[in-house]
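Next come the chains, spelled out residue by residue.
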Amino acid sequence: MGKFLLKWSLDESKVPIDPKERGAGYTLLMNMIKEDKEKGILHDWGAFPSEGKGYCIVEGSNVDVMIMTEKYVPYVRFETHPVATIYEVDELLAHLTG
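Report follows, based on the coordinates. Predicted model only: the values in this text are computed from it and were never measured.

### Digging into helix α1 (residues 19-39)
Between its terminal C-alpha atoms α1 stretches 30 Å, which fits the 30 Å expected from 21 residues at 1.5 Å a residue. Considered for burial, the residues of α1 that qualify are Leu29, Ile33 and Asp36. Angular distribution of buried residues about the axis of α1 spans 55°; they occupy a single face of the element. Exposed residues on α1 whose side chains face more than 90 degrees from its buried face are Lys20, Leu28 and Glu38. Turning to α1, the residues buried within the fold contact β1 (2-10), β2 (42-48), α2 (62-70) and β4 (76-83). The distance from a side-chain oxygen at the start of α1 to the backbone nitrogen of Lys20 is 3.0 Å, and the residue carrying that oxygen is Asp18. Trailing α1 by a residue or two, Gly40 shows a phi angle of about 95°, which is positive.

### Some points on the environment of Lys20
If you trace the backbone, Lys20 turns up in helix α1. In this structure the C-alpha to C-alpha distance between Lys20 and Gly2, which are 18 residues apart in sequence, comes to 38 Å.

### Digging into unusual backbone geometry
The residue after Val73, namely Pro74, is reached through a cis peptide bond having omega 10°. Inspection of the secondary structure puts Pro74 in the loop between α2 and β4. Positive phi outside glycine occurs at Ser50, with the angle close to 65°.

### Description of the side chain of Asp11
Relative to the helices and strands, Asp11 resides in the loop between β1 and α1. Engagement of the side chain of Asp11 in a polar contact is seen with the side chain of Ser13, the distance being 2.7 Å. Ignoring any residue separated from it by four or fewer positions in sequence, one finds Asp11 in contact with Pro74, Tyr75 and Arg77.

### Things to note about the packing of aromatic side chains
Following the criterion strictly, the structure yields three aromatic pairs and no others. Centre to centre, the rings of Trp8 and Trp45 are 5.5 Å apart; their planes meet at 10°, and the pair counts as stacked. Pair noted here: Trp8 is in strand β1 and Trp45 is in strand β2, with a separation of 37 residues, a long-range link. What makes Trp8 buried here is its relative accessible area of 10%. Residue Trp45 is classed as partly exposed on the basis of its relative accessible area of 26%. Summarising the aromatic geometry, the rings of Tyr72 and Phe78 are spaced 5.9 Å apart at their centres and angled 65° between planes, so their arrangement reads as edge-to-face. The class of Tyr72 is buried, set by a relative accessible area of 5%.

Rules behind the numbers
- Position labels on residues start from 1 in each chain and follow its written sequence.
- Thresholds applied to this predicted model are a pLDDT of at least 70 for local features of residues and 80 or more for the giving and counting of side-chain atom pairs; totals over whole chains, interfaces and linings are not thresholded and use all residues.
- With hydrogens and water excluded, all non-hydrogen atoms of the structure serve as input to the side-chain values.
- For helices the rule is a DSSP run of H or I covering at least 4 residues; for strands it is a run of E covering at least 2, with both sets numbered from the N terminus onward.
- By this rule, a helix spans an expected 1.5 Å times one less than how many residues it contains.
- Remark: exposure states derive from per-residue accessible area (1.4 Å probe, protein chains only) relative to the maximum for the residue type, with buried under 20%, exposed over 50%, and partly exposed in between.
- Directions pointing from the helix axis toward each C-beta atom define the arc.
- Here, residues are in contact when the closest pair of their heavy atoms is within 4.5 Å.
- Contacts described as polar in this section are N or O atom pairs within 3.5 Å, which, within protein, must combine one atom able to donate a hydrogen with one able to accept it, while residues neighboring in sequence count only if both atoms come from side chains.
- Pairing of aromatic rings covers Phe, Tyr and the six-membered ring of Trp, with a centre-to-centre limit of 6.5 Å; geometry is then stacked below 30 degrees between planes, edge-to-face above 60, and tilted otherwise.

Nothing here speaks to function; it is geometry throughout.
Shown next, in the form of structure tokens:
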């Protein structure tokens, strides 16, 4: 199982101008995020205030990440980065120092 840092950003062309519509849309997105957290794939999530951007930490396979992020299309775009754990870096160092 891998760990991933995902940077997300809202596609502002899809964000409604009307505040009530925008709030309803954001509520739907937040409910999906909470659902992903309950399922255990999403471990941390945060928004950068007033930017329409943020991050999340996801654990799973590449396919798990693709399935999770596809639900948010076309409203959210993701930049995905695999993350090496401290134990994986230690394994690299052990190999290097042999």
